[in-house]
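# Working through the structure, step by step
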Amino acid sequence: MKAVIALGANIGNPKENLDIAVALLKEATDFQSISSYYSTAPVGGPEQPDYLNAVCIVESELPATDLLSLLHGIEKSMGRERIERWGPRTIDLDLIQYGSLLSKSEELELPHPRAHERRFVLEPWFEIEPDAILLTHGKISQLLEQLPK
């Protein structure tokens, strides 16, 4: 199934951290494409440095919860600590959408519940898949038009 994964980092060396995460995703999945890296201001949380963000598309046969565990494992291997919600991080890997799967469990909500309001997700996704549709909200091109710059 096609998975849309958002990547972000803002501490340590963010570009290097994204490069390492991409390399690890290439080892663990059938990696399809990656957007450019985007520098973005943090959304919510404490005062912190800007982020470097990207979106990639992979193919995987793993169940969604196993793919999420894989993403969390990559984060942990790269020193991610979940101390403060929306706080700074060495790496953040979010499963945005997985095939046509809809999930609203405590463990996994798909599509990602805030993807439609996050330019740092939609813009890089649009770059690599301009016709993409966020299952719960429609065409990402239209969602982008509705967001403030």
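This one's a predicted model, so the numbers in the text were calculated from it and none came from an experiment.

## A closer look at the overall build of the protein chain
- Looking only at helices and strands, the protein chain features four helices and nine strands.
- Along its sequence from the N terminus, the protein chain presents helices and strands in the succession β-α-β-β-β-α-β-β-β-α-β-β-α.
- Considered along the principal axes of its C-alpha atoms, the protein chain spans approximately 35 × 35 × 30 Å.
- Relative to its full complement of 149 residues, the protein chain shows a buried share of 44%.
- Here the analysis covers contacts within the protein chain between residues at least 6 apart in sequence; of these, 64% occur between residues at least 24 apart.
- Accessible surface for the protein chain amounts to roughly 7,900 Å². Of this, 51% is attributable to carbon and sulfur atoms.

## With respect to the confidence of the model for the protein chain
- Residues of the protein chain with pLDDT of at least 70 account for 98%, and the chain-wide mean is 94.
- Taking the mean pLDDT of every element in the protein chain, the minimum, 93, falls on strand 6 (residues 103-104) and the maximum, 98, on strand 8 (residues 133-134).

## A word on unusual backbone geometry
- Note that the residue after Leu110, namely Pro111, is joined by a cis bond; omega there is -15 degrees.
- Here Pro111 is to be found in the loop between strand 7 (109-110) and helix 3 (119-128).

## A look at the packing of aromatic side chains
- Taken as a whole and judged by the stated rule, the model has zero aromatic pairs.
- A cation over a ring is seen here: Lys26 above Phe31, with NZ or CZ 5.2 Å from the ring centre.

## Some details on the nonpolar core
- Counting 25 residues, the largest nonpolar core has Ile5, Leu7, Leu25, Leu93 and Leu95 as the members making the most contacts within it.
- Of all the secondary structure elements, the ones that give two or more residues to this core are strand 1 (2-9), helix 1 (14-28), strand 4 (51-59), helix 2 (64-77) and strand 5 (92-98).
- The element that contributes the greatest number of residues to this core is helix 2, accounting for five residues.
- Setting aside residues up to four positions removed in sequence, Leu25 forms contacts with Ile5, Leu7, Phe31, Cys56, Leu71 and Ile74.
- Of all hydrophobic cores here, the second largest spans 15 residues; its members include Val4, Trp125, Ile140 and Leu143.

## Here we look at the pattern of salt bridges
- Within this structure, the stated rule accounts for seven salt bridges.
- With a closest N to O distance of 2.3 Å, Glu129 and Lys2 form a salt bridge. One end of the pair, Glu129, is in the loop between helix 3 and strand 8; the other, Lys2, is in strand 1, with 127 residues separating them in the sequence.
- Look at Glu129 and you get buried, because its relative accessible area is 19%.
- Residue Lys2 is classed as partly exposed on the basis of its relative accessible area, which comes to 31%.
- Residue Arg119 is joined to Glu123 by a salt bridge in which the shortest nitrogen-to-oxygen separation is 3.8 Å. Taken together, the positions of Arg119 and Glu123, both in helix 3 and four residues apart, correspond to about one turn of that helix.
- Connected through shared salt-bridge partners, Glu75, Arg80, Arg89 and Asp92 make up one network.

## What to know about the environment of Glu59
- You can see Glu59 is positioned in strand 4.
- Judged by relative accessible area, which is 29%, Glu59 ranks as partly exposed.
- In this structure, the C-alpha to C-alpha distance between Glu59 and Thr29, residues 30 residues apart in sequence, is 6.3 Å.

What counts and how
- Residues numbered from 1 in each chain as written.
- Predicted model: local features only at pLDDT ≥ 70, side-chain atom pairs only at ≥ 80, totals over all residues.
- Heavy atoms only, no water.
- Helix = DSSP H or I, 4+ residues; strand = E, 2+ residues; numbered from the N terminus.
- Buried < 20%, exposed > 50% of the residue type's maximum accessible area, 1.4 Å probe, protein only.
- Contact = heavy atoms within 4.5 Å.
- Areas by Shrake-Rupley, 256 points an atom, 1.4 Å probe, with all protein chains shown as cover.
- pLDDT = per-residue confidence, 0-100.
- Phe/Tyr/Trp six-rings, centres within 6.5 Å; stacked < 30°, edge-to-face > 60°.
- Lys NZ or Arg CZ within 6 Å of the ring centre and 35° of its normal.
- Core = buried A, V, L, I, M, F, W, Y, C linked by side-chain atoms within 4.5 Å.
- Salt bridge = Lys/Arg side-chain N within 4 Å of Asp/Glu carboxyl O.

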